[in-house]
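Letter by letter, the chains look like this.
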Amino acid sequence: MLWLLALLISLWILFYFTTRITWATAVLGLLLGAYTATYGLTQDSTSLWAGFFLLFISLNIPFIRKLLFSRWIFKLMKRSLPVMSQTEREALEAGNTWWDAELFSGNPNWKKLQNLPVARLTDEEQAFIDGPVETLCAMLNDWDITHNRKDLPQEVWNYIKQQKFCGMIIPKHYGGLEFSDTAHSEIVMKIASRSTTAAVTVMVPNSLGPAKLLLNYGTEQQKNHYLPRLAAGEEIPAFALTGPHAGSDASAMPDTGIVCYNPDKVPGIRLNWEKRYITLGPVATVLGLAFKLYDPDHLIGDMENIGITVALIPTDTPGIAIGRRHNPLGSSFQNGPNWGKDVFIPMDWIIGGVEQAGNGWKMLMQSLATGRAISLPALSVGAAKFTCRNTGAYARIRKQFNLPIGEFEGIEEPLARMAGETYILDAARKVTNAALDNGEKPAVISAILKYELTERMRRIVNDGMDILGGSGICMGPKNYLGRLYQVIPVSITVEGANILTRTMMIFGQGAIRCHPYLQKEMAALQQNDLRQFDKVLFQHIGFFVHNMAASFWLGLTNARFKFVPGRRNTRRYYRQIARLSVGLALLADFALLALGGTLKRKERLSGLFADALSNLYLCSCVLKHYQDQGCPKDEAPLLHWACQQSIYRAQQSLRAVFWKLPLRPLAWVLRSLIFPRGKPYAPPGDLLIHKTASLLLADTPVRDRLTHGIYINNKADDATGRIEIAFKAVLKAAPIEAKIRLAQKKKQLFKGDPSTILAEALAKGIITQLEADLITAAERARLAAITVDDFSPEEFIVNKPNRSKS
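Nothing here was measured: the structure is a model prediction, and the numbers come from that model.

Side note on the overall build of the protein
Consideration 1: Looking only at helices and strands, the protein has 32 helices and 9 strands in total.
Consideration 2: The C-alpha radius of gyration computed for the protein amounts to 31 Å, which stays within 12% of the reference 28 Å derived for 806 residues, consistent with globular compactness.
Consideration 3: Its C-alpha atoms put the protein at 105 × 90 × 45 Å along the principal axes.
Consideration 4: Residue burial in the protein is summarised as follows: out of 806 residues, 55% are buried.
Consideration 5: Contacts in the protein between residues at least 24 apart in sequence constitute 76% of all its contacts with a sequence separation of at least 6.
Consideration 6: Surface summary for the protein: the accessible area is close to 36000 Å², and the carbon and sulfur share equals 57%.
Consideration 7: Side-chain charges of the protein comprise 91 positive and 71 negative groups, with the mean position of each set lying 8 Å from the other.

The following block contains the structure:
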């Protein structure tokens, strides 16, 4: 038993430190030699020596290793490797990996995250936010836009164009603003806190659209013609990808372009298409169109099926039908279908010219690799901050049972969730923007941000609506949240529907892109390179057995002896991320080994892996954000809530994976290795929930930092301005109300009508006239804040029915 224990400990040490196979062979050989010297050359020792030579010696000789092991594994994997389409390959090759690869490694290099420069705005960018963005927000009345006009006012359209809001990503030498990704995000976030219609109108031209494609792939002639006009607002762009038969599977589009001659014998493309859900489409002057290009007469090359291609087409070109609108859940941003019937365009309208024909899908995937991480996440954070600030204030203003509703535990729970989740969202936004500004193009992280930030924003707004109760469901100019609640599914659906993003993209791409060896193995298989495959395979095996040993040790000790950065109040979270990172890497490898190519169809399993990876990334961002802020003590409740919630959800996702794995006995062994002491992490407790919720109920610097960057006003006739006024008035009156309650407790005042009590308190000298005036002002402001809209019966009459084209 002692020798068996010594063998197991030796193996564990060798595996944990990823010892080279030559050194592992030497150590085990010495151990076996010591055993033989102690007990002599018995039948058992002879068997052990035979097994040792057969296994370990052969593994050290590449020729024998390939002959006995690698060759057979190579053949097996080559047969089971799923066929990868060109579109799948181009999606995998888009962008690069960053912190996601570190989390997949099982041993994150924290210096890579710690040393990332903090994203900062330039003076010019800050001045634009303080000037034109502030002015634009003041011009917006969301109720008027969505209920009355069904569009932005013309003066708002003019201002957006004049101030070059649509040219944020366009370089200055083309007349654009050339702002950083951080500035782009801050601008969209602030506008989104005022009007989603305006935010979408501004964000789309700066996201996946003609300007971005021209900058990356356009010819100099195309750039010189279009970019100055786009920056100045002389052209309104739209990008047409989705159609009735090609939604999430955009590569299945039936829209075609045929290379041919026109009647004047000019070579070009004859296009036929039907698109829908195209934002800015109804008012666009230039359309970026994705279609499948065919060359049956081989006019531009030997290929007949050239592939997905992108062209830039003026919308006044003959054959284009455009202008009709969809109604996206009552939001009024311009969105609608368009059609093209036998539209002839010159060859040089292809973005990038003929040389880029067939590269459309690659162009789109490369652009989405970063674009998906900016616009919708910024909109989501703006909505989250907006909901947090105003609903927290409302929970302090609104009273029931003589108490602010925010002091009830039932309200505290969603308030804490709103504050904590908003902190997570803003941390992820800022850290990812810093990475983008630093030159990273993390495709998997972009998908994580798009999915997680829009989903968590949905929960925050839902919580806000629950707290508002009746005042949240009565639409009108006083309702600050109802319209935002209505349009949530828009952000969930666009730029990759969230169901698809979670179940197919985050882990589906992440498992290949971020794994340290899998992509290399696949390349060796495709190139039929046994030598390279053998080398990478045994590195992969070493990685797997190291993760087995590391998972057990970190699980047994709860990573207490793991060296990580951080301060006293954050170090444990770094350790917990490191521990779960090893578990994620081990489970992902086991799933890939057990399921092979069928894993891509196990979408429920893939979704759980995505949840674990996403929460580890978000928790990493929270720690980095807290560090970048200077570790403020008053943010500690937000930090702890965010980390504990993220770690807990990552743990639960990994534990749920076990129930969906095949080879159940081995799955139970892995569960014992990763969680040898059961479930170590719990969600935030009651005291932390109370502390976190309280941050939204007081006018403090931490509340202002949490909601920094959104539009705030103090106008009494504004939906949110009246909330701000009432919140400050109620807080000023709170100490005086406490005086009156104390007097009532001492029987100096009786309970009854508030105005009578106030007059009696003033008469008895319990409060001063100034204090009485503060209470009167607070009650007046409170009533204004909780008042809801009502309408006459005539206002509900629709004079003319709207007819939809079927």
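Considering a positive patch on the surface
Consideration 1: On the surface, Arg601, Lys602, Arg604 and Lys660 cluster together into a patch of positive charge.
Consideration 2: Tracing the sequence through the fold places Lys602 in the loop between helix 24 (571-595) and helix 25 (603-628).
Consideration 3: Note on Lys602: relative accessible area 42%, which makes it partly exposed.

A few points about the nonpolar core
Consideration 1: Core analysis: the largest hydrophobic core is formed by 192 residues, its most contacted members being Phe165, Ile191 and Tyr617.
Consideration 2: Contacts of Tyr617, omitting those with residues within four sequence positions, involve Trp98, Trp99, Leu103, Thr432, Ile445, Ile448 and Leu449.

Comments concerning the environment of Phe239
Consideration 1: With respect to the helices and strands, the residue Phe239 is situated in strand 1 (residues 237-240).
Consideration 2: Along the primary structure Phe239 and Leu289 are separated by 50 residues, whereas in three dimensions their C-alpha atoms are 6.1 Å apart.
Consideration 3: Not counting the four nearest positions on each side in its chain, Phe239 is found in contact with Leu208, Gly209, Pro210, Leu213, Ile278, Gly288, Ala290, Val310 and Leu364.

What about a nonpolar patch on the surface?
Consideration 1: A contiguous nonpolar surface patch, about 390 Å² in accessible area, is contributed by Leu5, Ile9, Ile13 and Phe17.
Consideration 2: With respect to the helices, strands and loops of the structure, Ile9 is situated in helix 1 (residues 2-16).

Quick notes on the pattern of salt bridges
Consideration 1: Tallied over the full model, the rule gives 35 salt bridges.
Consideration 2: Put simply, Arg429 and Glu186 hold a salt bridge, and the shortest N to O gap is 3.1 Å. Of the two residues, Arg429 is situated in helix 17 (residues 409-437) and Glu186 in helix 11 (residues 181-192); the sequence distance between them amounts to 243 residues.
Consideration 3: Accessibility expressed as a relative area gives 1% for Arg429, which makes it buried.
Consideration 4: Salt-bridge contacts for Glu737 lead to Lys399; the nearest nitrogen and oxygen are separated by 3.4 Å. Remark: Lys399 occurs in strand 8 (residues 399-400) and Glu737 occurs in helix 30 (residues 721-745); sequence separation between them is 338 residues.

Some points on the packing of helix 8 (residues 123-139) against helix 10 (residues 154-162)
Consideration 1: At a minimum axis distance of 10 Å, the contact between helix 8 and helix 10 shows a crossing angle of 170°. In terms of orientation, helix 8 lies roughly antiparallel with respect to helix 10. For the pair formed by helix 8 and helix 10, the contact residues are Pro132, Thr135, Leu136 and Met139 on the first element and Glu155, Val156, Tyr159 and Ile160 on the second.
Consideration 2: Among the residues making up the contact of helix 8 with helix 10, the classes are represented as 6 nonpolar, 1 polar and 1 charged.

Some words on the side chain of Lys562
Consideration 1: Among the structural elements, Lys562 can be located in the loop between helix 23 (530-557) and helix 24.
Consideration 2: Among buried charged residues, Lys562 stands out as having no salt bridge; its nearest opposite-charge side chain is Glu102, 10 Å away.
Consideration 3: Looking at Lys562, its side chain comes within polar contact range of the side chain of Asn107, at 3.0 Å.
Consideration 4: The contacts of Lys562, once residues within four sequence positions are left out, are Asn107, Leu554, Arg575 and Ala578.

Quick word on the packing of aromatic side chains
Consideration 1: Summed over all chains, the structure comprises 17 aromatic pairs.
Consideration 2: Their ring planes at 55° and their centres at 5.0 Å tell us that Phe128 and Phe165 sit as a pair that is tilted. On the criterion of sequence distance, the pair formed by Phe128 in helix 8 and Phe165 in the loop between helix 10 and helix 11 is long-range, its members being 37 residues apart.
Consideration 3: Each ring, one from Phe791 and one from Phe796, has its centre 5.9 Å from the other, and the planes form 90°; the classification is edge-to-face.
Consideration 4: With a relative accessible area of 31%, Phe791 lands in the partly exposed category.
Consideration 5: Owing to a relative accessible area of 61%, Phe796 belongs among the exposed residues under this scheme.
Consideration 6: Among the aromatic residues, those joined into a cluster by ring pairs are Phe128, Tyr159, Phe165 and Phe179.
Consideration 7: Lying over the aromatic face of Phe675, Arg655 brings its terminal NZ or CZ to 5.4 Å of the ring centre.

Scoring rules and cut-offs
Residues numbered from 1 in each chain as written. Predicted model: local features only at pLDDT ≥ 70, side-chain atom pairs only at ≥ 80, totals over all residues. Heavy atoms only, no water. Helix = DSSP H or I, 4+ residues; strand = E, 2+ residues; numbered from the N terminus. Rg over C-alpha atoms; globule rule 2.2 N^0.38 Å. Buried < 20%, exposed > 50% of the residue type's maximum accessible area, 1.4 Å probe, protein only. Contact = heavy atoms within 4.5 Å. Areas by Shrake-Rupley, 256 points an atom, 1.4 Å probe, with all protein chains shown as cover. Lys, Arg positive; Asp, Glu negative; His and termini not counted. Charge placed at Lys NZ, Arg CZ, Asp CG, Glu CD. Patch = residues over 30% accessible without salt bridge, like charges linked within 9 Å, V, L, I, M, F, W, Y side chains within 5 Å. Salt bridge = Lys/Arg side-chain N within 4 Å of Asp/Glu carboxyl O. Core = buried A, V, L, I, M, F, W, Y, C linked by side-chain atoms within 4.5 Å. Axes fitted to C-alpha atoms, helices over the stretch in contact; angles between N-to-C directions. Parallel < 35°, antiparallel > 145°, perpendicular 65-115°, else oblique. Nonpolar A, V, L, I, M, F, W, Y, C, P; charged D, E, K, R; others polar. Polar contact = N/O pair within 3.5 Å; in protein donor to acceptor, adjacent residues only side chain to side chain. Phe/Tyr/Trp six-rings, centres within 6.5 Å; stacked < 30°, edge-to-face > 60°. Lys NZ or Arg CZ within 6 Å of the ring centre and 35° of its normal.

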